[in-house]
Amino acid sequence: LALAGASRALENPDVRLRQVVWMRPLAAGTDGLKIELPLRFERDGLLSFEVKGPNGDVHVQGKAEVAAGLSEETLDLPAIRDRCSRTILPDVLYPAFADRGLEYGPGFRVIQEIRYSGREVLSVLQVPQEWGDDKYRLHPALVDGALQSLAVIGAGANGVELPFAVNDVVCGEALPNRCYAHG
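What counts and what doesn't
- Residues numbered from 1 in each chain as written.
- Predicted model: local features only at pLDDT ≥ 70, side-chain atom pairs only at ≥ 80, totals over all residues.
- Heavy atoms only, no water.
- Salt bridge = Lys/Arg side-chain N within 4 Å of Asp/Glu carboxyl O.
- Helix = DSSP H or I, 4+ residues; strand = E, 2+ residues; numbered from the N terminus.
- Buried < 20%, exposed > 50% of the residue type's maximum accessible area, 1.4 Å probe, protein only.
- Pairing = 2+ DSSP bridges.
- Axes fitted to C-alpha atoms, helices over the stretch in contact; angles between N-to-C directions.
- Contact = heavy atoms within 4.5 Å.

(A) Region of the structure containing the pattern of salt bridges. Scanning all chains against the criterion turns up seven salt bridges. For the salt bridge of Glu 65 with Arg 18, the shortest nitrogen-to-oxygen distance reads 3.3 Å. In this pair, Glu 65 sits in strand E4 (residues 58–66) while Arg 18 sits in strand E1 (residues 15–22), placing the two residues 47 residues apart along the sequence. The class for Arg 18 is partly exposed, based on a relative accessible area of 27%.

(B) Fine view of the sheet that holds strand E2 (residues 39–41). The strand order across the open sheet formed by five strands is E2-E3-E4-E1-E8, and the pairing between neighbours is antiparallel. Bordering the open sheet on either side are E2 and strand E8 (165–170), each of which pairs with just one other strand. Taken over all neighbouring pairs, the strand axes of this sheet differ in orientation by 20° on average, direction set aside. Strand direction decides the pairing type here: E1 and E8, joined by five bridges, are antiparallel.

(C) Expanded view of helix H1 (residues 2–10). Considered for burial, the residues of H1 that qualify are Ala 2, Leu 3, Gly 5, Ala 6, Ser 7 and Leu 10. On its buried face, H1 sits against E1, E2, strand E3 (47–52) and E4. Backbone geometry just downstream of H1 places Glu 11 in the positive-phi region, at approximately 55°.

Shape is all these values report; function is a separate question.
And the structure:
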């Protein structure tokens, strides 16, 4: 949402999100959820954004800017798979998340395959059919699935550690509904 709003406000599809912080979760019911995305232009071409819930509380905040010269990174998938030798089946992963207080509904159970080591993770993510034909450049379920993947290597004995901030987000073109997450 922030990426789409910032792209429109900056009149450029090549946008980088910076210093994104998820301050509190947004829970949508069966009727959806009404949110607001206030955007403010700042100095030096920066744009600040917030995602506000129905009661006006800020749930996400960050900054956006036009990304100069997006670059592609090539990953050696066979080498990553070799380093990430441990696996968890999704049928085991999501109940384990639930046991630690993270209940994911069917629309956010996106991890199809996950391989990991103590410091690295590689996942295959798939947007669930519950989303229908909705089109996004950076699908919310894929973003959440990437964060879920990182939780696997951050899992402790007493809970799950989920990232709550990301320093840099760049997505030059729409991701396919099935893709990899690596961290």
